[in-house]
Amino acid sequence: MNPRLLLFITFILLQTQAFAQASLHGKVLDEKGVPLPGANILIKGSYDGATSGQDGSYRFETSATGSQVLVFKFLGFKTQELAITLDQNSLEIQQIKLIEEITEMNSVTISAGAMEASDEKKSVVLRPLDIVTTSGAMGDIVGALQTLPGTSTVGNDGRLFVRGGDASEVGIYIDGLRVGNAYGSSTANVPTRTRFNPNIFKGTFFSTGGYSAEYGQALSSALSLNTKDHSLRTQGDLSIMSVGGGYSQTLANEKHSISLTANYFDLKPYQNLVKQDFDWERAPNGWDVELSAQQKLKKGGLVKVLARTEAGGMELWQTQPGENGRGMYVNLHNKYSYAQSNWRNSYDNGWSLFGGLSVSSNKDDLIIDATPIERKNLLSHAKFTAIKDFSDRVSMKVGTEYFIHNYSEKLQLENEERSFDEQETYLFTEWDWYLSKKLVLRGGLRAGNSQLAEQSWVDPRLSLAYQVSKFGQVSLASGQFHQLPIENFRAIDPTIGNSKAKHLILNYLFQKDGLMFRAETFYKSYDELIRFEGNPSNPTGLRNAGAGYARGVDFFLRDRNSIKNTDYWISYSFVDSKRSYNQYETEVQPNFAPKHNFSLVVKHFIPTLKSQLGTTFSFNDGYTFTDPNESGEMNSKTKSYQSLSFSWSYLPRPNLIIHFAVQNVLGRENIFGYSYASNPNEQGVFESLPTGQPAPRFLFLGIFLTLSKDKTANNLNNL
């Protein structure tokens with residue numbers, strides 16, 4: 001053959017081989033077999049590829065040969081890679097099914113019973129800024145929470161009452177650690193408030209029922225307050241108020257921050273100006289010092305420290321029904337300390353770890369008439385949790401807790417003391433399964449053991465959520481909850497066991513562009529509540545023999561967009577609650593559980609006046625009480641509770657805030673019940689006195705000045 005012809009044929013064959021194309025085709029589907037149009041398919045490391053059509057099919061050619069990797073990509077789905085071998089033949093790829101990628105932004109969240117507020121969460125209900133700017137709350141965390149559905153305002157107490165349960169049924173936590181004596185000490189019918197300042201927190205988790213297996217020893221509710229991870233800047237904050245004053249200094253850099261705060265309050269000057277309905281011998285007064293520190297560690301870890309100490313007191317005369325004179329003398333002095341430290345870190349392998357330790361110490365020195373009483377309460381809590389994200393669909397949380405609880409109360413004149421020393425151990429686990437981005441299931445178990453009561457128990461909890469529309473979802477939660485009795489009952493009988501509750505909650509949540517609507521119905525059963533049933537076999541008179549229920553419906557609407565510069569929310573709760581407990585022989589409606597509860601909160605900012613105006617209206621249908629002049633238990637009811645409050649916040653300069661507030665503007669005489677004489681008078685009538693408010697109104701004026709290099713910084717930057 002001609003050498004030139006042979007060379008030409010060889011050249012043509014080589015060129016044909018060089019430009020030979022392998023053909024690939026197939027289909028891209030989702031998990032349900034529905035075609036995915038617009039998916040990207042390409043050879044890894046090359047520009048060869050295609051986009052799927054309306055039926056999910058694709059076809060393209062490539063000059064690549066040998067072992068290759070075919071990549072499938074589609075927004076919202078996990079990227080999938082497939083190893084293939086290419087030659088000059090057509091290659092048909094089996095149907096590829098892509099799996100939805102589930103993230104916090106596109107997945108449904110469980111909302112039954114839960115109201116969470118933080119910068120990271122979509123479901124924002126009340127942030128710390130909301131708390132301090134809610135008129136009527138007077139900067140009190142619980143005062144603001146009482147405007148949410150499921151809560152009841154009990155004006156002569158001040159603590160948090162949720163869905164027919166008393167205040168002791170609410171567990172309060174800071175950074176996941178239990179707080180003992182979270183409310184300031186007070187005497188009968190003198191309202192109290194939470195000890196901690198909202199300024200130190202970045203968010204709140206408030207559950208009205210059906211809450212996580214992480215929380216226990218609370219029959220009704222869990223309130224978890226999360227402290228700030230890091231302060232933004234170095235600054236000083238000066239507060240001058242009608243009831244006292246304080247100063248806070250914060251030092252901060254990129255790795256750590258520390259804040260030291262000192263406050264003093266004394267209501268005596270205020271009470272000299274504003275007439276009081278209570279007979280005060282010494283107005284409430286006190287001081288507190290608080291330290292908050294945060295330290296960032298290498299590899300993303302964070303350590304927090306919070307420490308607080310305070311002291312305060314009051315003296316007053318409480319008029320007694322059927323008696324002349326000033327009545328019963330009460331003198332209270334309290335000392336309180338709380339300290340905690342916690343550490344957390346997240347790792348690249350999907351694990352997140354948390355460890356913490358807290359100690360709460362409370363001492364009350366009380367004189368009732370001439371009888372001195374001393375109460376001491378010490379609660380220590382150690383906790384460790386581990387979270388593992390196995391994938392974007394399965395997450396596990398496991399943890400353990402250990403409590404040491406010491407309590408004593410002593411009648412000093414008689415040198416008589418009652419006390420108990422307790423050790424409790426808990427284990428819990430909780431699993432989240434995202435079956436799709438529209439459906440999530442959460443299951444949990446919590447096991448506990450009381451060394452003192454010689455009792456162990458296991459509480460199962462289950463909840464799920466399903467997205468029914470683009471902006472709406474339904475949630476269901478159920479669970480069992482145990483709680484050991486309050487301290488003074490356990491001091492009488494240290495071996496007394498748990499009370500028990502079961503929750504069932506159905507919730508609908510709608511969220512869109514600053515608008516939130518929640519509707520929730522619930523049923524809660526009680527068993528083994530504490531009752532006084534003294535007999536020879538039970539000389540203490542305490543037994544786990546009570547029972548009851550609470551059922552109802554809540555509605556909540558919050559709108560921050562419809563009216564310019566205006567934020568408002570409306571809450572309504574209907575609660576039908578009855579229980580046999582304490583001294584009651586029959587099931588009664590408790591005096592802390594009004595049936596109808598309503599709140600309206602409005603905040604409007606006026607830029608031209610550099611002012612925010614706020615108003616809050618609270619209503620319930622009254623409180624039950626027992627009138628011994630009539631037959632039966634809880635046979636009477638007070639008139640409705642109504643309170644209209646107003647606030648005005650003025651910012652003449654960015655670093656200066658002047659805040660004025662009036663609680664119960666109209667001066668309505670709210671009655672919370674009646675106290676009766678122990679014995680009838682000569683006419684056979686038990687005389688009574690109403691239990692009311694310390695004063696018709698409460699007025700507050702505060703000036704808050706921030707000192708920093710950044711002249712635009714103020715107190716609100718901390719929230």
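Residues numbered from 1 in each chain as written. Predicted model: local features only at pLDDT ≥ 70, side-chain atom pairs only at ≥ 80, totals over all residues. Heavy atoms only, no water.

Draft legend 1. Representation of the nonpolar core within the structure. Membership of the largest hydrophobic core comes to 31 residues, with the highest contact counts inside it found for Leu145, Leu160, Ile174, Phe196 and Tyr338. For this core, the secondary-structure elements that each account for two or more residues are helix H3 (141-145), strand E12 (170-174), strand E14 (201-207), strand E15 (221-227) and strand E21 (328-346). In terms of residue count, the dominant contributor to this core is H3 (four residues). Counting residues in hydrophobic clusters, the runner-up holds 21 residues, among them Ile505, Tyr581, Met634 and Phe672. (Core = buried A, V, L, I, M, F, W, Y, C linked by side-chain atoms within 4.5 Å. Buried < 20%, exposed > 50% of the residue type's maximum accessible area, 1.4 Å probe, protein only. Helix = DSSP H or I, 4+ residues; strand = E, 2+ residues; numbered from the N terminus.)

Draft legend 2. Representation of the environment of Glu214 within the structure. Structurally, Glu214 can be placed in the loop between E14 and E15. C-alpha of Glu214 to C-alpha of Val398: the two residues are 184 residues apart in sequence and 8.5 Å apart in space. Here Glu214 is in contact with Lys383, Lys397, Glu401, Phe428 and Arg446, once residues within four sequence places are set aside. Side-chain polar atoms of Glu214 contact the side chain of Lys397, separated by 2.8 Å. (Contact = heavy atoms within 4.5 Å. Polar contact = N/O pair within 3.5 Å; in protein donor to acceptor, adjacent residues only side chain to side chain.)

Draft legend 3. Local environment of empty space enclosed by the protein. By the definition in use, this model includes six cavities of 30 Å³ or more. Here the largest cavity is characterised by a volume of approximately 80 Å³. For the largest cavity, the lining is made up of 16 residues, of which Gln146, Thr151, Asn597, Phe598 and Ser599 are closest to its centre. Looking at the lining of the largest cavity, the elements with two or more residues in it are strand E10 (151-152), strand E32 (566-580), strand E33 (596-606) and strand E34 (611-620). Grouping the amino acids of the lining of the largest cavity by side-chain chemistry returns five nonpolar, 11 polar and no charged. Residue lining of the second largest cavity: Ile141, Ile172, Val179, Ala182, Thr194, Phe196, Leu223 and Leu225, and that is the complete set. When grouped by side-chain class, the residues that make up the lining of the second largest cavity number seven nonpolar, one polar and no charged. (1 Å grid on protein atoms, 1.4 Å probe; cavity = no way out; pocket = protein on both sides within 12 Å on 5 of 7 lines; lining within 4 Å. Points joined across faces, edges and corners; volume = space filled by probe spheres on them. Nonpolar A, V, L, I, M, F, W, Y, C, P; charged D, E, K, R; others polar.)

Draft legend 4. Representation of the sheet that holds strand E2 (residues 40-43). Read across the open sheet, the four strands follow the order E3-E2-E5-E6; overall the sheet is antiparallel. The sheet is open, and its two edges are formed by strand E3 (49-51) and strand E6 (80-86), each paired on a single side. The average angle at which neighbouring strand axes cross in this sheet is 20 degrees, direction not considered. Two strands pair when backbone bridges link them, and E2 and E3 are joined in this way by three bridges, in the antiparallel orientation. (Pairing = 2+ DSSP bridges. Axes fitted to C-alpha atoms, helices over the stretch in contact; angles between N-to-C directions.)

Draft legend 5. Local environment of the pairing of E21. Here strand E20 (residues 302-318) pairs with E21 via 17 bridges, running antiparallel. Across the sheet, residue Lys304 finds its bridge partner in E21, namely Asn342. Pairing analysis gives 17 bridges linking E21 to strand E22 (residues 351-368), with the strands arranged antiparallel. In the strand pairing of E22, Asn342 is matched with Gly356. The hairpin turn running from E21 into E22, its antiparallel successor, is four residues long, and Gly350 in that turn takes a positive phi close to 95 degrees.

Draft legend 6. Just the environment of Gly702, in detail. Here Gly702 lies in strand E41 (residues 698-707). Excluding residues within four positions of it along the chain, Gly702 makes contact with Ile240, Met241, Ile657, Ile658 and His659.

Draft legend 7. Expanded view of the pattern of salt bridges. Evaluation of the coordinates by the stated rule reveals 36 salt bridges. When the shortest N-O distance is used, the salt bridge between Asp130 and Arg558 registers 3.1 Å. Taken together, the residues span a long stretch of sequence, with Asp130 in helix H2 (residues 128-132) and Arg558 in strand E31 (residues 542-559) at a distance of 428 residues. Classification of Arg558 by relative accessible area gives buried; the value is 1%. In this structure, Arg418 and Glu409 form a salt bridge, with 2.8 Å as the shortest nitrogen-oxygen distance. Put simply, Asp175, Lys202, Asp229, Lys304 and Arg344 are held in one network by salt bridges that share partners. (Salt bridge = Lys/Arg side-chain N within 4 Å of Asp/Glu carboxyl O.)

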